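# Notes for the structure review
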Amino acid sequence: MSKLLTQLIDELNHGTIKVVDLTQPLGVDTPVIGLPPIFGASPGFSTHVISKYDEKGPGWYWSVITLGEHTGTHFDAPIHWITGKDLPENALDTIPVRKLVGPACVIDCSKETAANPDFLLTVDFVKRWETTHGMIPAGAWLLLRTDWSHRTNPVDFLNVLADGAHSPGFHADCSRFLARERNVLGVGVETVGTDAGQAGGFTPPFPNHTLMHGAGKFGLASLRNLDQLPATGSIVIASPLKIVAGSGSPCRVLALVG
Ligand code: MN
């Protein structure tokens, strides 16, 4: 083993490097994004037992699960969006595995989101962050910390009012900047999807999905524990299921912090 990997294991064993779980529990109570009824709906998570140490299987327990690809803490591949449908290596089974590990930059917008649930990250906000923390390196995850995951009640989490959902996200110019000027690996959020709640009415609609996936970038949604990460210096491991031609998958997202 290389000296670096030996040191990594030593530091994990000593706790000087910690593993932080950025994943929500996945179960029947996991909230799923709602779309207008003209569009197809994604089912939530359901499970039924095949056997549980009983006549169907005296020594073993297992279940069948049903869920949409984009349920709970999950990974969005470029093929998820029409803008990314013809890109190379755009689906879960073709994304190079090297891209499943990358450094993270965490932008804390928790105060702004507390004051305004429709908060949108702007290019100016990112550039101000960079004056303190340095330029976002190419190939980094940009994680939007909003503390939205503290809304543990699904009604508060989805925050759907008479005029649709209200939750934070990205200004279109910011998604374009992050994809093209910073060449990020993708963006990760604490909300149900990587676009703001009101983004269906933006120009273009759902600009973060449109621009990120059109540029071959990824998304992570429904993250938690971003408040346990430093602004820079952590490494994120986001490894979705290798679904053939898959557009997304629930994902155990881990961060190494030390
Ligand atoms: Mn998704």
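These remarks concern the structure in this document.

Thresholds applied
Residues numbered from 1 in each chain as written. Predicted model: local features only at pLDDT ≥ 70, side-chain atom pairs only at ≥ 80, totals over all residues. Heavy atoms only, no water. Helix = DSSP H or I, 4+ residues; strand = E, 2+ residues; numbered from the N terminus. Rg over C-alpha atoms; globule rule 2.2 N^0.38 Å. Buried < 20%, exposed > 50% of the residue type's maximum accessible area, 1.4 Å probe, protein only. Contact = heavy atoms within 4.5 Å. Areas by Shrake-Rupley, 256 points an atom, 1.4 Å probe, with all protein chains shown as cover. Lys, Arg positive; Asp, Glu negative; His and termini not counted. Charge placed at Lys NZ, Arg CZ, Asp CG, Glu CD. Polar contact = N/O pair within 3.5 Å; in protein donor to acceptor, adjacent residues only side chain to side chain. Core = buried A, V, L, I, M, F, W, Y, C linked by side-chain atoms within 4.5 Å. Donors = N, O, S within 2.8 Å, 3.2 Å for Na, K, Ca; no water. Patch = residues over 30% accessible without salt bridge, like charges linked within 9 Å, V, L, I, M, F, W, Y side chains within 5 Å. Salt bridge = Lys/Arg side-chain N within 4 Å of Asp/Glu carboxyl O. 1 Å grid on protein atoms, 1.4 Å probe; cavity = no way out; pocket = protein on both sides within 12 Å on 5 of 7 lines; lining within 4 Å. Points joined across faces, edges and corners; volume = space filled by probe spheres on them. Nonpolar A, V, L, I, M, F, W, Y, C, P; charged D, E, K, R; others polar. Pairing = 2+ DSSP bridges. Phe/Tyr/Trp six-rings, centres within 6.5 Å; stacked < 30°, edge-to-face > 60°. Lys NZ or Arg CZ within 6 Å of the ring centre and 35° of its normal.

## Focus: the overall build of the protein chain
The helix and strand inventory of the protein chain stands at six helices and 14 strands. Over its C-alpha atoms the protein chain spans a radius of gyration of 19 Å, differing by no more than 12% from the 18 Å that the globule rule assigns to 258 residues. With respect to the three principal axes, the spread of C-alpha positions in the protein chain is 65 × 55 × 40 Å. Taking all 258 residues of the protein chain together, 43% fall into the buried category. Pairs at least 24 residues apart make up 73% of the contacts formed inside the protein chain by residues separated by at least 6 positions. Accessible surface, the protein chain as shown: approximately 13,200 Å² in total, 59% of it carbon and sulfur. Once the 19 positive and 24 negative side-chain charges of the protein chain are each reduced to a mean point, those two points are 5 Å apart.

## Thoughts on the side chain of Thr 23
Residue position: Thr 23 is located in the loop between strand E1 (18–21) and strand E2 (46–54). A polar contact is formed between the side chain of Thr 23 and the side chain of Asp 21, at a distance of 2.6 Å. Looking at Thr 23, its side chain comes within polar contact range of the main-chain nitrogen of Val 253, at 2.9 Å. Residues in contact with Thr 23, not counting those within four places in the same chain, are Thr 73, Arg 224, Cys 251, Arg 252 and Val 253.

## Re the nonpolar core
In this structure, Ile 107, Leu 121, Val 126, Ile 136, Leu 142, Phe 170 and Leu 178 are the most contacted members of the largest nonpolar core, which totals 24 residues. For this core, the secondary structure elements donating two or more residues are strand E5 (101–108), helix H3 (123–133), strand E7 (141–145), helix H5 (172–180) and strand E11 (186–189). The contacts of Phe 170, once residues within four sequence positions are left out, are Leu 120, Leu 121, Leu 142, Leu 144, Ser 175, Leu 178, Val 187, Val 189, Thr 194, Phe 202 and Asn 208. Of all hydrophobic cores here, the second largest spans 23 residues; its members include Leu 22, Leu 100, Cys 251 and Val 257.

## Structural notes on the environment of Ala 245
As for its position among the elements, Ala 245 is in the loop between strand E13 (234–240) and strand E14 (248–257). In this view, Ala 245 contacts Ile 79, Ala 91 and Asp 93; residues no more than four positions away in its chain are not counted.

## Points about the coordination of the manganese ion
Ligation of the manganese ion by protein atoms is provided by His 70 (ND1), His 74 (NE2) and Asp 76 (OD), these donors lying 2.1 to 2.3 Å from the ion. One chain supplies every donor to the manganese ion, and in sequence these donors are spaced H-x3-H-x1-D.

## Concerning a nonpolar patch on the surface
On the surface, Ile 33, Leu 35, Ile 38 and Phe 39 cluster together to form a nonpolar patch covering roughly 430 Å² of accessible area. Inspection of the secondary structure assignment puts Ile 33 in the loop between E1 and E2. Take Ile 33: its relative accessible area is 41%, and that puts it in the partly exposed class.

## Things to note about the layout of surface pockets
Considering only enclosed or pocket space, the largest pocket measures out at about 750 Å³ in volume. Ile 33, Gly 34, Leu 35, Val 192 and Phe 206 are the residues nearest the centre of the largest pocket, which is lined by 35 residues in total. Secondary-structure elements contributing two or more residues to the lining of the largest pocket are strand E4 (74–76), helix H4 (154–158) and strand E9 (164–165). When its volume is computed, the second largest pocket comes out at roughly 250 Å³. Forming the walls of the second largest pocket are 14 residues, and the residues nearest its centre are Gln 24, Pro 25, Thr 30, Pro 31 and Thr 152. Within the lining of the second largest pocket, the residues separate by chemical class into four nonpolar, seven polar and three charged.

## Regarding the pairing of E5
In this structure, E5 lies alongside E13, joined through four bridges in antiparallel fashion. Considered in E13, the bridge of Gly 102 is made with Val 236. In this structure, E5 lies alongside E7, joined through five bridges in parallel fashion. Looking across to E7, one finds that Cys 105 is bridged to Leu 142.

## Comments concerning the packing of aromatic side chains
Going through the model one piece at a time under the given rule, you end up with six aromatic pairs. The interplanar angle of 70 degrees and the centroid separation of 5.6 Å between the aromatic rings of Phe 119 and Phe 125 together place this pair among those described as edge-to-face. On the accessibility criterion, Phe 125 (13% relative accessible area) is buried. An aromatic cluster of three or more residues is present, and its members are Phe 75, Trp 141 and Phe 218. For the cation-ring pair, Lys 52 lies above Tyr 61, with the distance from its terminal atom to the ring centre recorded as 4.5 Å.

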